[in-house]
Amino acid sequence: MTSMSRARVARRIAAGAAYGGGGIGLAGAAAVGLLLAEVQLAKRHVGNGSGGRVPVADGLYGNSYVTPDEPPLRLTMLGDSTAAGQGVHRAGQTPGALLASGLSAVAERPVELHNVALPGATSDDLDRQVALVLANPARVPDVCVIMIGANDVTHHMPATRSVRHLSAAVRRLRTVGAEVVVGTCPDLGTVEQVGQPLRWLARRASRQLAAAQTIGTVEQGGRTVSLGDMLGPEFEANPRELFGPDNYHPSAEGYATAAMAMLPTVCAALALWPAEEERPDVSRREGFLPVARAAAEAASEAGTEVTAAMPTGSRGPWALLKRRKRRRVQEPEPQAAPVPSTQRTP
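Notes on the structure follow.

## Side note on the overall build of the protein
Moving on, step 1. Helix and strand counts for the protein stand at 13 helices and 11 strands.
Moving on, step 2. Classification of the 346 residues of the protein by burial places 56% in the buried group.
Moving on, step 3. Here the analysis covers contacts within the protein between residues at least 6 apart in sequence; of these, 81% occur between residues at least 24 apart.
Moving on, step 4. Looking at the protein as shown, the accessible area adds up to about 14,400 Å², and 54% of this sits on carbon and sulfur atoms.

Take a look at the structure:
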């Protein structure tokens, strides 16, 4: 499928989400029977995402930056098991802890992390999660990171419905002043032990949803980072290293890779990234594109950021596509945050 074709599919899904459509599937109705048979076979070898314990990483990061006259930045994680950090054993290995630690170092301010993500969640759970986030108007987050979509694909949720819930969540958070960064649907075609044709169908469905998520998010004032290919070449080359013990969720190294891809965008959303990094670099094929085309390109390349750039024109709204340089995110030291020692059961 060409970039233009992917853009048209993504635009159609996003339009269906905006105007109440619900019948556009992710992989085609004719493939559903085959998918169901393959999924049952794959589940014998791959964890289904519903078990295990999740480390509690909530707390204050960057204690050395605490000052009496400056409150901490507030970072909130929403989404599914990948946002929660399922698959690792230590709180400091979760993406929330890694992002909080990295953000604190860049901002030279303490960061208060709060995580409301739910393992196994699909996008329709975002309404409940956003309500939790906004329950206290005096503690609105400075930035929210949403990681969701994989369960929508595996549960055959219509893409239009999925994007509708995500767009509504982004809109509610942006309305109260929170910046929003969405890590789009990862490429499920990289899960080890999943054979063809399910792998091809899963990859196609994942990328279609990721592109549509980008359109819906950018149109509501958020930013996206593609997680798809991040779980592609690196995960396919090093599945034992980058996937966790259940062969489904990322390992500590995998979550560090995800945090490394998202941290620059989180910092840019808060105006903390160097100004020269915000200008498009032609040598890295960055620039302004119609949002649907930018979304389609981003879905095929890990770490690619898409953010709103220009008002709607003859070809729809425009966006800035950036391929940010990745920086390694280190696991925070044990003393970096007063993290509870207890575990929470999803």
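## Quick look at the nonpolar core
Moving on, step 1. If you look at the biggest cluster of nonpolar residues, it comprises 37 residues, and the most contacted ones within it are Leu75, Leu99, Leu103, Val145, Val181 and Met262.
Moving on, step 2. Within the residue set of this core, elements represented by two or more residues are strand 3 (73–79), helix 3 (81–84), helix 4 (95–107), strand 4 (111–115), strand 5 (143–147) and helix 11 (252–269).
Moving on, step 3. Counting residues per element, this core draws most heavily on helix 11, at 10 residues.
Moving on, step 4. Setting aside residues no more than four positions away along its own chain, Val145 makes contact with Leu75, Thr76, Met77, Leu78, Leu99, Val181, Met262 and Val266.

## Some remarks on the pattern of salt bridges
Side chains carrying opposite charge are able to pair once their charged atoms draw close together.
Moving on, step 1. Following the criterion strictly, the structure yields 13 salt bridges and no others.
Moving on, step 2. Residues Arg223 and Glu305 are paired through a salt bridge, measuring 3.0 Å at the closest nitrogen-oxygen approach. Pair noted here: Arg223 is in strand 7 (residues 223–225) and Glu305 is in strand 9 (residues 304–313), with a separation of 82 residues, a long-range link.
Moving on, step 3. The exposure class of Glu305 is buried, given its relative accessible area of 1%.
Moving on, step 4. Here Glu301 ties to Arg323 by a salt bridge, and the two come within 2.8 Å at their closest N and O atoms. Here Glu301 is found in the loop between helix 13 (291–299) and strand 9, whereas its partner Arg323 is found in strand 10 (residues 316–323), with 22 residues between them in sequence.
Moving on, step 5. Of the residues examined, Arg323 reaches a relative accessible area of 8% and is grouped as buried.
Moving on, step 6. Put simply, Arg285, Arg293, Glu297, Glu301 and Arg323 are held in one network by salt bridges that share partners.

Reading the values: the criteria
Residues numbered from 1 in each chain as written. Predicted model: local features only at pLDDT ≥ 70, side-chain atom pairs only at ≥ 80, totals over all residues. Heavy atoms only, no water. Helix = DSSP H or I, 4+ residues; strand = E, 2+ residues; numbered from the N terminus. Buried < 20%, exposed > 50% of the residue type's maximum accessible area, 1.4 Å probe, protein only. Contact = heavy atoms within 4.5 Å. Areas by Shrake-Rupley, 256 points an atom, 1.4 Å probe, with all protein chains shown as cover. Core = buried A, V, L, I, M, F, W, Y, C linked by side-chain atoms within 4.5 Å. Salt bridge = Lys/Arg side-chain N within 4 Å of Asp/Glu carboxyl O.

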